[in-house]
Amino acid sequence: MKTAVITYLMGDEDVLLEPHYLNETWDLVCFTNRKDIKSETWNVVYVEDKENAMNNKRFANFFKFNPFTSLFSAFNLNYDICITIDANVRIAKDLDKIVSFYCPTLFDMTLAVHPIRNCVISESNAIVGEKKDTKEAVAQNINLFEKNGYPTNNGLYQTTIMIWKNTLATQVLSSDFWKLYCNMSERDQILLPYVLWKIKDINIIETKWEDFKEEFDYLEHPKKEEEKKESLILIK
């Protein structure tokens, strides 16, 4: 069985975190657009957005939501299981035990429930209020949800850490997510629940975000200078 951890380091805000625990059977792969990134434990893969169509956030999310395609493109190998972690997460414990406990047989992937909110609309308001994306971009998501009758309070996930199995269902998830994401807000959390709702035939196991944080070392992203918050979008 081929297993890997993927992280994605785009731009200058983060550093590559070396693991505190190493599983010999796991490949650690860092996709980055920085030529200065070096590591003795991570297989660093330099990537470019040759069309310059994406900012660093969107470019990172390509690898985050297309893990098996990205691995195959880099190594010409089909992987069975992949854990995707943001650049501010460090591997700290036995990955085999983590997968065995959090993503047992018959499940396609494991997601952590968002620790604060349970609705894409409330998350959209938070995104605009905290200036993580524009009202115009977030409105594209809201319009899509309303057009297709997506229910409110239908769940929300913390996508910082995700466990994926290479199944037909996760392949459909990657494809469907990316087709929509390119024309939506760059904040992936508000699109993922909708795509999962549309797919239906995908077996998700949910866990608490606090539990995932106990399995990995989670570091806060460097804080940006405080900015004035915008008014929120309308909640219908």
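Residues numbered from 1 in each chain as written. Predicted model: local features only at pLDDT ≥ 70, side-chain atom pairs only at ≥ 80, totals over all residues. Heavy atoms only, no water.

In the Ramachandran plot, Asn-153 falls in the positive-phi region, its phi being about 50° despite a non-glycine side chain. Assessed through its relative accessible area of 53%, Asn-153 is described here as exposed. Backbone geometry at Lys-200 places phi at a positive 70°, although glycine is not the residue there. Within the fold, Lys-200 resides in the loop between helix 7 (192-199) and strand 8 (204-208). (Buried < 20%, exposed > 50% of the residue type's maximum accessible area, 1.4 Å probe, protein only. Helix = DSSP H or I, 4+ residues; strand = E, 2+ residues; numbered from the N terminus.)

Take the packing of aromatic side chains next. For the structure shown, the criterion picks out 17 aromatic pairs. Judged by centre distance (5.2 Å) and plane angle (90°), the rings of Phe-62 and Phe-63 are edge-to-face. Each member of the aromatic cluster is reached from another via a ring pair, and the members are Phe-31, Phe-59, Phe-62, Phe-63, Phe-65, Trp-164, Phe-177, Trp-178 and Tyr-181. Directly above the aromatic system of Trp-197 lies the positively charged group of Lys-200, at a separation of 5.2 Å from the ring centroid. (Phe/Tyr/Trp six-rings, centres within 6.5 Å; stacked < 30°, edge-to-face > 60°. Lys NZ or Arg CZ within 6 Å of the ring centre and 35° of its normal.)

In this section: the layout of surface pockets. Estimated volume of the second largest pocket: approximately 150 Å³. As for the second largest pocket, its lining consists of Asn-66, Pro-67, Phe-68, Thr-69, Phe-72, Asn-166, Thr-170, Gln-171 and Ser-174. Looking at which element gives the most residues to the lining of the second largest pocket, the answer is helix 2 (residues 67-75), with four residues. Its residues placed into classes, the lining of the second largest pocket shows three nonpolar, six polar and no charged. (1 Å grid on protein atoms, 1.4 Å probe; cavity = no way out; pocket = protein on both sides within 12 Å on 5 of 7 lines; lining within 4 Å. Points joined across faces, edges and corners; volume = space filled by probe spheres on them. Nonpolar A, V, L, I, M, F, W, Y, C, P; charged D, E, K, R; others polar.)

With that out of the way, let us pick up helix 2. Spacing of three or four residues puts side chains on the same side of an α-helix, whose turn is 3.6 residues. Taken together, the buried positions of helix 2 are Pro-67, Phe-68, Ser-70 and Leu-71. Projected onto a plane normal to the axis of helix 2, the buried residues spread over an arc of 160° and lie on a single side. Looking at the buried residues of helix 2, the elements they touch are strand 1 (3-9), strand 2 (26-32), helix 1 (56-65), strand 4 (81-85), strand 7 (157-165) and helix 6 (168-181). Of the residues one or two after helix 2, Asn-76 is the one with positive phi, at around 60°. (Arc of directions from axis to C-beta. Contact = heavy atoms within 4.5 Å.)

Turning our attention to the nonpolar core. Counting 46 residues, the largest nonpolar core has Phe-31, Leu-173, Phe-177 and Leu-192 as the members making the most contacts within it. Among all residues touching Phe-31, those that are not within four sequence positions of it are Ile-6, Thr-7, Tyr-8, Leu-9, Met-10, Val-45, Val-47, Phe-63, Ser-70, Leu-71 and Ala-74. Counting residues in each nonpolar core, the second largest holds 25 residues, with Trp-26, Ala-87, Ala-112 and Ile-161 among its members. (Core = buried A, V, L, I, M, F, W, Y, C linked by side-chain atoms within 4.5 Å.)

Turning our eyes to something else, we now look at empty space enclosed by the protein. As enumerated under the stated definition, the model contains one cavity of 30 Å³ or more in all. Thr-7, Val-15, Leu-16, Leu-17, Trp-42, Ile-85, Asp-86, Ala-87 and Val-89 together form the lining of the largest cavity.

Let's shift gears to the packing of helix 4 (residues 120-129) against helix 5 (residues 135-147). It is at 10 Å that the axes of helix 4 and helix 5 come closest, and there the two elements cross at 170°. Here helix 4 lies roughly antiparallel to helix 5, going by the angle between them. The segment helix 4 lies against helix 5, with Val-120, Ile-121, Ser-124, Ile-127 and Val-128 engaging Lys-135, Val-138, Ile-142 and Phe-145. The residue makeup of the contact of helix 4 with helix 5, split by class, is seven nonpolar, one polar and one charged. (Axes fitted to C-alpha atoms, helices over the stretch in contact; angles between N-to-C directions. Parallel < 35°, antiparallel > 145°, perpendicular 65-115°, else oblique.)

Moving on: helix 6. Relative to the 20 Å expected for 14 residues at 1.5 Å per residue, helix 6 spans 20 Å between its end C-alpha atoms, a close match to the ideal helical length. Along helix 6, the residues classified as buried are Ala-169, Thr-170, Leu-173, Ser-174, Phe-177, Trp-178 and Tyr-181. For helix 6, the angular spread of the buried residues around the axis is 155°, confining them to a single face. Those residues of helix 6 that are exposed and aimed more than 90 degrees away from the buried face are Leu-168 and Lys-179. (Expected span 1.5 Å × (residues − 1).)

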